[in-house]
Amino acid sequence: MKTYTKRELALIIHQIINNKYSNPEYFYEQLKTNIKAKIKANSKTVLTDDEYYKKGLGFAQFIIGDLNLITIQHIEFRLSTDVIKEASVGIEIANYNNYFLKAAKEIIREFLNAKFKIHKAKNKKHNGNRK
């Protein structure tokens, strides 16, 4: 058993985000439902599964380009207080792997939603200026 600081816990999640979610296929597979819904909301046509996949990978790549915006401080803020308390006393890090994966996915989902909201607002403004 080893003790971990809040920062060390956040670094573990940050590594997961940088290592796993920097792969567009992994990113897409983990958040497929969320990404498909965003593509569907942005598309005027009914797409095939192959088109969803291609657009989904492109969308994932678009988000991956800004993963560096997810800071350690942001992750620290999102950590469970129970996990922080337990880690300060001492934990087996392997026992918390599922928590770290779930936390990374949730942080990425929130980031994806925020990026999509900004992208949608820019498109709306751009399309409004064309009239």
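Data block above holds the structure.
The text that follows walks through the structure, step by step, so that each part is easy to find. (Residues numbered from 1 in each chain as written. Predicted model: local features only at pLDDT ≥ 70, side-chain atom pairs only at ≥ 80, totals over all residues. Heavy atoms only, no water.)

## Examining the packing of aromatic side chains
So, step 1. Taken as a whole and assessed by the stated rule, the structure comprises six aromatic pairs.
So, step 2. Between Tyr28 and Tyr53 the ring centres are 5.5 Å apart and the planes differ by 85 degrees, which places this aromatic pair in the edge-to-face class. Of this pair, Tyr28 sits in helix 2 (residues 24–30) while Tyr53 is found in helix 4 (residues 49–64), placing the two residues 25 residues apart along the sequence.
So, step 3. Residue class for Tyr28 comes out buried when judged on its relative accessible area of 3%. (Phe/Tyr/Trp six-rings, centres within 6.5 Å; stacked < 30°, edge-to-face > 60°. Helix = DSSP H or I, 4+ residues; strand = E, 2+ residues; numbered from the N terminus. Buried < 20%, exposed > 50% of the residue type's maximum accessible area, 1.4 Å probe, protein only.)

## Focus: helix 3 (residues 32–42)
So, step 1. Residues of helix 3 that are buried: Asn34, Ile35, Lys38 and Ile39. Buried residues along helix 3 cover an arc of 130 degrees about the axis, so they all sit on one side. Every exposed residue of helix 3 that faces more than 90 degrees away from the buried side is listed here: Thr33, Lys40 and Ala41. (Arc of directions from axis to C-beta.)

## Regarding the pattern of salt bridges
So, step 1. In total, this model carries five salt bridges according to the counting rule given.
So, step 2. Close ionic contact of Asp50 with Lys54 constitutes a salt bridge, the shortest N to O distance being 3.2 Å. Placement of the pair is Asp50 and Lys54 together in helix 4, with a separation of four residues, close to one helical turn.
So, step 3. Overall, Asp50 belongs to the partly exposed group, its relative accessible area being 43%.
So, step 4. Between Glu110 and Arg78 there is a salt bridge, with the nearest N and O atoms lying 2.5 Å from each other. (Salt bridge = Lys/Arg side-chain N within 4 Å of Asp/Glu carboxyl O.)

## A look at the packing of helix 3 against helix 4
So, step 1. The interhelical angle for the contact between helix 3 and helix 4, taken along N-to-C directions, is 100 degrees, at an axis separation of 10 Å. With respect to helix 4, the axis of helix 3 lies roughly perpendicular. Residues Ile35, Lys36, Ile39 and Lys40 of helix 3 pack against Asp49, Tyr52, Lys55, Gly56 and Phe59 of helix 4.
So, step 2. Of the residues in the contact of helix 3 with helix 4, the class split is four nonpolar, one polar and four charged. (Axes fitted to C-alpha atoms, helices over the stretch in contact; angles between N-to-C directions. Parallel < 35°, antiparallel > 145°, perpendicular 65-115°, else oblique. Contact = heavy atoms within 4.5 Å. Nonpolar A, V, L, I, M, F, W, Y, C, P; charged D, E, K, R; others polar.)

## Things to note about the nonpolar core
So, step 1. Counting 36 residues, the largest nonpolar core has Ile13, Ile17, Phe27, Ile35, Leu67, Ile70 and Ile108 as its most contacted members.
So, step 2. Going through the elements one at a time, helix 1 (6–20), helix 2, helix 3, helix 4, helix 5 (72–78), helix 6 (81–89) and helix 7 (97–129) are the ones with two or more residues in this core.
So, step 3. When residues in this core are grouped by element, the largest group, nine residues, is from helix 7.
So, step 4. The residues contacting Leu67, other than those within four sequence positions of it, are Ile17, Tyr21, Ser22, Ile108 and Phe111. (Core = buried A, V, L, I, M, F, W, Y, C linked by side-chain atoms within 4.5 Å.)

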